[in-house]
Structure formats: structure tokens, C-alpha cells
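Breakdown of the fold
Okay, here's what each chain looks like letter by letter:
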2 protein chains.
Amino acid sequence: MEPNCPTSSNDYAADISSIRQAQVRIEPFAHRTPVLTSETLDSIAGRKLYFKCECFQKGGAFKFRGACNAIYSLDDDHATKGVVTHSSGNHAAALALAAKLRGIPAYIVIPKNAPKCKVENVKRYSGQVIWSEPSMQSREDTANKVLQDTGAQFHYELFQVNLELLVELGQGTISLELLEQASEIDTIIVPISGGGLISGVALAAKAINPAIRIFAAEPMGADDAFQSKINGRITKLSEVNTIADGLRAFLGDLTWPIVRDLVDDVIVVDDEEIIQAMRLCYEILKIAVEPSGAIGLAAVLSNSFKTNPAYSECNNICIVISGGNVDLGVLWNSVNK
Amino acid sequence: MEPNCPTSSNDYAADISSIRQAQVRIEPFAHRTPVLTSETLDSIAGRKLYFKCECFQKGGAFKFRGACNAIYSLDDDHATKGVVTHSSGNHAAALALAAKLRGIPAYIVIPKNAPKCKVENVKRYSGQVIWSEPSMQSREDTANKVLQDTGAQFHYELFQVNLELLVELGQGTISLELLEQASEIDTIIVPISGGGLISGVALAAKAINPAIRIFAAEPMGADDAFQSKINGRITKLSEVNTIADGLRAFLGDLTWPIVRDLVDDVIVVDDEEIIQAMRLCYEILKIAVEPSGAIGLAAVLSNSFKTNPAYSECNNICIVISGGNVDLGVLWNSVNK
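Below or above, wherever it landed, is the structure these notes cover.

Analysis parameters
In every chain, residue numbers begin from 1 and rise along the written sequence. Chain labels run from A onward and ligand labels from 1 onward, assigned in the order the entries are written. A pLDDT threshold of at least 70 governs which residues receive local features in this predicted model, and a stricter bar of 80 or more applies before side-chain atom pairs are shown or counted, although totals over entire chains, interfaces and linings include all residues. In computing side-chain properties, one takes all heavy atoms of the structure into account and sets aside hydrogens as well as water. Helix and strand labels come from DSSP, where a helix needs a run of H or I of at least four residues and a strand needs a run of E of at least two; each type is numbered from the N terminus. Two things to know: the radius of gyration comes from C-alpha atoms, and the globule rule equals 2.2 Å times the number of residues to the power 0.38. Between buried and exposed lies partly exposed: a residue is buried under 20% and exposed over 50% of the maximum accessible area for its type, with that area taken using a 1.4 Å probe on protein chains only. The contact criterion used is simple: two residues touch if any of their non-hydrogen atoms lie within 4.5 Å. Only the protein chains shown count as cover for residues, and all accessible areas are computed by the Shrake-Rupley method using a 1.4 Å probe. Charged residues are defined here as Lys and Arg on the positive side and Asp and Glu on the negative side; His and the ends of the chain fall outside this count. In this description, the location of a charge corresponds to atom NZ of lysine, CZ of arginine, CG of aspartate or CD of glutamate. Two strands make a pair as long as DSSP finds a minimum of two bridges between them. Between N-to-C directions, angles cover 0 to 180 degrees, with each direction set by a line fitted to C-alpha atoms, over the stretch in contact for helices. By convention, orient the strands away from the viewer: a clockwise path from the first strand over the helix to the second makes the crossover right-handed. Here roughly perpendicular refers to angles of 65 to 115 degrees, roughly parallel to angles under 35, roughly antiparallel to angles over 145, and oblique to all remaining angles. Left-handed is the label given to a crossing in which the near helix is rotated counterclockwise from the far helix by less than a right angle, and right-handed is the label when the rotation is clockwise. Under this grouping Gly is polar, as are all residues other than the nonpolar Ala, Val, Leu, Ile, Met, Phe, Trp, Tyr, Cys and Pro and the charged Asp, Glu, Lys and Arg. We define a polar contact as two N or O atoms separated by no more than 3.5 Å, with the added condition that, inside protein, one atom must be a possible hydrogen donor and the other a possible acceptor, whereas residues neighbouring each other in sequence contribute only through side-chain atom pairs. By convention a nonpolar core is built from buried Ala, Val, Leu, Ile, Met, Phe, Trp, Tyr and Cys residues, the set being connected through side-chain atoms within 4.5 Å. Any Lys or Arg side-chain nitrogen located within 4 Å of an Asp or Glu carboxyl oxygen qualifies as a salt bridge. Only residues with pLDDT of at least 70 in both copies count here: their C-alpha atoms drive the least-squares fit that superposes the copies. Buried surface area refers to the total accessible area, computed with a probe of radius 1.4 Å, that the two partners give up upon joining, counted for both partners together.

**With respect to the overall build of chain A**
Scanning chain A from terminus to terminus reveals 15 helices and ten strands. A compact globule built from 337 residues should have a C-alpha radius of gyration of about 20 Å, and chain A, at 19 Å, falls within 12% of that. When burial is assessed residue by residue, chain A has 59% of its 337 residues classed as buried. Within chain A, residue pairs in contact and separated by at least 24 positions form 73% of the contacts whose partners lie at least 6 positions apart. Approximately 12600 Å² of chain A is accessible, and the part contributed by carbon and sulfur atoms is 48%. Distance between charge centres in chain A, computed from 30 positive and 39 negative side chains, equals 5 Å.

Right, here's the structure in full:
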């Protein structure tokens, strides 16, 4: 399969009709987030920019779309006893909120080093917080114990593939909204971590308009997608090191084929570029954006984007601002270094 | 005239048809700002809240609407040699930007104690900065000198009444947008300083729906509108002291009759309540809001609002977030005290 070819419903686990169903499912609950523009940032970038502000999504990040689609896809029998997950970030709050809306309990295992504002979001949405050590082993062990203690029928790990798919479909609704709000978009830049967000966005956007370019924005200290694209296969890293706490996961079997085929290129930026983008988001756009959310702007302003072969054809660029959960003191300390 | 009576076109210097003309005039240039909502803040307030986000207006504050209407109302002869003003805040940036768009010079006299981010906004929009001492006398002397040196034909002070009127009409366009975006609004809470913003908003809103309540939100350390309403006449204060740097001006002859007749009540809050509201805007809404912009939320959450006779009838409340120009370090230091 050649890159950039239009998708058909048979190519991948997800397709545009499933994403449209997800949109109908989550519409009563999720915000239709606004698209902001700024002539000041346009003149800095030398391009027309559109900011799809998922920092204004419920829970402060795009994750609510996927979590809501997953929770409302469960049948009553599976849903009743609640859901369990382990997460250090926005997925935790999103799942807690979706569960609260459906009236079922959410047990959230959180590693002790999670950002404070993300923990507070979980509590705000009535999620029941259970602490674990930061290691993945401790997270999984703790989650399994909670699963046994509560009798919860649904668990992030147990139903991983189905859940991932439902989450990915939910994230894809971003493109459906976006292309109604700004149909002139020719390029979308999306943060990449596990690949759920960009997979959903790319599938939906290219199904609507196959000419749209999709770029991933990835931190230098966690550039597994960049490496994977070069190697032509999933490439995991032995360690990750980036300020972007939401972008430390690796591509999986479900997302890799979509990233391989539909993501035109990966723009890699360093943490300093991310911090400068956070500052611009605050000062010019007047929005709170976490490091992972600012990386798309960092990518647009980076030299690696300006030297990309497709650069001259990217004139109306949407930057997906994936989330806004950054402690004020952390933001200040980052930009004030 | 009784409070709350519907306005006719003969009551005040401004009227709804002039505001509609202003809307047509500024539409090609001004942002139609989004209205954000938050169930978390709704549950804190016990009311449905709608945030009209003028922090996303060009220049980061509502002031661009009025400045744009004023600049584009000038005939070519008056406009060519540019405009002069003295301002420590958002009006300066707004005028500079409007002048830049029309392609005429803007000479901005700025007192040395102005917030840094507001000065940077002026420079960003190609305004020519001339420094003065903080005193009003120094500001006016410096502006007059610039006026003579440049031959600029238009000056904030010289044409004060006409300019104020044009500015007020521009601000009124907020209500026209708002009531298209959220027609269920029954109450609008607006920061009050010189009264231009609330006059425009009140005139337009009550002309469209006379049942809408208009509340002013005012800092305790600069509560001249509150005192004026009690005394039934313009009451100036001998000194002002509030963190809300945009709310230190007093009502004038043009705005007082509208505030007297169309503003249902003034909610007074202290600086600590303003700071808490700024924190909530950042943490929950994910937006940068300056003290003057956060005062409407502070008012909604205040005890003085909860004990207001009309409280039980205010169920769908719009809070006008007037601006977002607050230095990140200042915001952090305020909420971290």
C-alpha cells in the first residue's frame, strides 16, 4: 500500500463509518471545541494556522472523546460494576468523567509521580483514586488487585484491543468537527504517542479529503514513531526522556499500520521548542496548554518542518492542541528557566 | 425613568441600530469570540454559566471592537496622519492594531508602570511607543507633545465624546454575537470601569431582550459605580486600590445615564475573590484571564451575589471575560501568595 492512498473501510480496524457512529454516540456529552486563529502566529509561521482546542474538551483534553465512546459502547452487564484503569494522565480523568456521566464507578490506579492537576481532575470527576508506585509492574499489579476486589467487569488491559479501537474512533470525531469548522485545511499536525489520536484523526480526515496531509509531532526524547517510520516496523525505545508527559507511550499493533500508511511524515522537536510553543500559546492565544498539547505548534515553527519537501504546499495548517492540563507553577517554571 | 425599562433609540447617545452598524463595520476585522461552558464551574456556581471569551479577541481583549469601530469611522483626511493616545493597557494595543490594519500610524504614550505584556502587545502591532511618567499629567503632556510633533489629527482626549461613543458602540457588538450564540441567557455580568463596555453590552442586550438582567462586577478598591448607583449621581473616588489594573477608571457623562438606568445592580468583590477566579479560569477553563477579566466569575461566586434579591431568577448567566493580558509570572505570583 502506498502512503497517502485513500482509505477504504477494509484497510484497518477502524473506518469512517464507525467514526461517524462514535460522533453520534458522544455528541450529547462531549464539547464541540472551538477553532482559534491568530494573525500574530500566522505571521510568525508564515502560514495560516488553525488551532483545534481540545484543551477545552471536558476533562481538559481530547481523551474524553475516546473514553466516552468506550464507556457508552459497553452493554449494561459489563458496565454495572464499573471500570478500572491505570493512568498517570488525561485518560484517567476522561474515563472517570465518562463513567460518572453513565453512573458507574471508575477505579483509577495512579502512579505517585503523576502531575497534580491531572490527579485533581480524576477526583473532580468522582474517580476513586488508588495509588501505585510509578513502575508499570506496580501499576498493573495494583489494577489487577482492584479488579478482583471490586468485581469490575471491564479493564483497560483485559479488553485492550477493543478498547483501543473504541478510543481511536472517538478521537477521530475531531476531524469530523474540524473539517466542518474550517474546510480549507490542507494539513493537520497531531501529537503522537501511542498513536490513537493521530490514527483516528488521519482516518477520518483522509476519508473526507484524501489530499489532506497528516503530520505527526513527536518529542526528540521519545521518537519511536519517527524511528518506526524509518525502519518500516514498530520500533520501541529502551528509554524515553521528554517534558511532554503525555507523549511517552509507544505505537501499538492497532495504530502502527495507520501511522505507517496515512501519516505523511513525523516532525521531531526538542523540549526547548516545546516550551517556547507553550509560552506562545499562553501569551498569544491566551490558552493553557500542556507540553504534549503545544508540540504541534513547536513542529510548525521548527526548522525540520521548514525543510520538509511538502512545506511549500502546507498553507492552511490545523494544529491539534491535545490538552491543557498543566499546573500553573510548572508552566511558569518551564518558561522561566 | 425606571430601571429595566426597554430602551428606545432616543434615550441615550448610543442605540441598537448604531451598534448594528458598528457590527457591520468591524466584522471583517474582529474575531467572533467563542462562548465556553464548564459543568464543573456550573456545579460550583449552582447555575448554568456561559463565558464570552474576549480574551480571544484580537489584542487579547474586548477593546479591539471599540478601537476598530472608532478607527474605521474616521474619514481619510482625519486618519492619514495617524492617531495618538495615552493608555497603560488594552486600549493602547487595540488602537495600535486597528491603526495598523487601516495602514495609519499609531503613537501610544505609555506610563512606565504599565504591565509588560500590554506594552509588548503595542509593539507587536507596530504601535510607536512613547514613554511617560505614571501621572495623568505626564501622560497628557506627553501625548500633547506627540500630537504637535507628528501632526496627527485625531486624539483620544480631543475627540473624547465622539470617540467614547464609537468605542461604546463597538463593545456593544458583544451582545449581538452572544445572543445569537446562546439565546437562553437571562443574565449578563460585565466588568465595570469607565463604563464603556457595560453600556454597549446593556444597550444592545436590553434592546434585543428587555428581560435580560445586567450586573456590573466591580472591585472593592475602585467601587465608584457602586457608590454612584447608591448616590444617584456620578461619584468619583479620591483613590483606587485593586489588582484589577483595567478597572481603575471612573464612570463618565456618557456612560453614567446608561449605567444608572440599565444596569440592574453592581456586585462588589475584593481582590482575593478576583485572584481565586483567575485561578479557576486557568485550572478549569484553561484560559489566561487578567484580573479585570476574571471579576465576573468572582462576582457570580460571591456571597453578595447569592444574597442579591434577583439571585434565584438568574439561571443562565453569561460572564464577559473581558481580557487575557496577564503576564504569566504575575498570574503565578498572584495565585501562589
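**Considering the sheet that holds strand S9 (residues 265-269) of chain B**
Residues and elements named next belong to chain B. Within the open sheet, the six strands sit side by side as S1-S2-S10-S7-S8-S9. Their pairing is mixed. For this open sheet the edge positions go to strand S1 (35-36) and S9, each flanked by a neighbour on one side alone. Where S1 meets strand S2 (residues 48-53), two bridges bridge the pair, whose relative direction is antiparallel. Each bridged residue has a counterpart across the sheet, and for leucine 36 the counterpart in S2 is phenylalanine 51. Contacts between helix H10 (residues 224-231) and the sheet are confined to strand S8 (213-219) and S9, with S9 contributing the most and set at about 140° to the helix.

**Digging into helix H6 (residues 116-124) of chain B**
Residues and elements named next belong to chain B. Among all positions of H6, only Cys117, Lys118, Val119, Asn121 and Val122 are buried. In the core, the buried residues of H6 are packed alongside helix H5 (90-102), strand S4 (106-111) and strand S5 (128-132). Trailing H6 by a residue or two, serine 126 shows a phi angle of about 65°, which is positive.

**What about the pairing of strand S8 (residues 213-219) of chain A?**
All names here are of chain A. Burial of S8 is extensive: six of the seven residues sit out of reach of the surface. For strand S7 (residues 187-191) and S8, the ladder comprises five bridges, and the chain directions are parallel. Bridge pairing links proline 191 to alanine 217 in S8. This β-α-β element, S7 to helix H9 (residues 196-208) to S8, shows right-handed connectivity.

**Considerations on the packing of helix H15 (residues 328-335) of chain A against helix H15 (residues 328-335) of chain B**
Their axes nearest at 10 Å, the elements H15 of chain A and H15 of chain B cross at an angle of 140°. Taken together, the axes of H15 of chain A and H15 of chain B are oblique relative to one another. In the packing of H15 of chain A onto H15 of chain B, the handedness of the crossing is left-handed. Of the residues in H15 of chain B, those in contact with Leu328, Gly329, Leu331, Trp332 and Val335 of chain A of H15 of chain A are Leu328, Gly329, Leu331, Trp332 and Val335 of chain B. Residue composition of the contact of H15 of chain A with H15 of chain B, grouped by class: eight nonpolar, two polar and no charged.

**Overview of the side chain of lysine 206 of chain B**
Residue and element names in this part refer to chain B. Following the sequence through the fold, lysine 206 ends up in helix H9 (residues 196-208). By relative accessible area, which is 0% here, lysine 206 ends up buried. Of note is the side chain of lysine 206, whose polar atom sits 3.2 Å from the backbone oxygen of leucine 262.

**Re the nonpolar core**
Residues Phe51 and Ile287 of chain A together with Phe51 and Ile287 of chain B are the most contacted members of the largest nonpolar core, which totals 88 residues. Sequence-distant contacts of isoleucine 287 of chain A, that is, excluding residues within four places in its chain, are made with Leu36, Cys53, Cys55, Phe56, Cys281, Tyr282 and Ile321 of chain A together with Phe56, Lys286, Ile287 and Ala288 of chain B.

**With respect to the pattern of salt bridges**
Summed over all chains, the structure comprises 30 salt bridges over all chains. For lysine 52 of chain B, the salt bridge identified is with glutamate 177 of chain B, shortest N-O distance 2.6 Å. Highlighted residues: lysine 52 of chain B in strand S2 and glutamate 177 of chain B in helix H8 (residues 160-181), separated in sequence by 125 residues. A single burial state applies to lysine 52 of chain B and to glutamate 177 of chain B, both of which are buried. Members of the salt-bridge network, linked through shared partners, are Lys52, Glu54, Arg65 and Glu177 of chain A.

**A look at the relation of the copies chain A and chain B**
Overlaying chain A with chain B gives an RMSD of 0.0 Å, the required rotation being 180° about an axis along which the chain moves by 0.0 Å. Taken together, the rotation and translation relating the two chain copies correspond to the operation of a two-fold axis. Judged by C-alpha distance, isoleucine 287 of chain A is the residue of chain A that lies nearest the rotation axis, at 2.2 Å. By residue overlap, the copies meet face to face through one surface: 100% of the interface positions of chain A are interface positions in chain B.

**A short note on the interface of chain A and chain B**
Between chain A and chain B, the residue contacts involve 28 residues of the former and 28 residues of the latter. Between chain A and chain B, a total of about 2400 Å² is buried, with carbon and sulfur atoms accounting for 63% of that surface. Seen at the junction of chain A and chain B, the total is two salt bridges. Joining chain A to chain B, the criterion identifies ten residue pairs in polar contact (both at pLDDT 80 or more). Of all the elements in the fold, those that place two or more residues in the side of chain A that touches chain B are helix H2 (39-45), helix H12 (271-285) and H15 of chain A. Ranked by residues supplied to the side of chain A that touches chain B, first place goes to H15 of chain A with five residues. Of the residues in the side of chain A that touches chain B, the class split is 16 nonpolar, seven polar and five charged.

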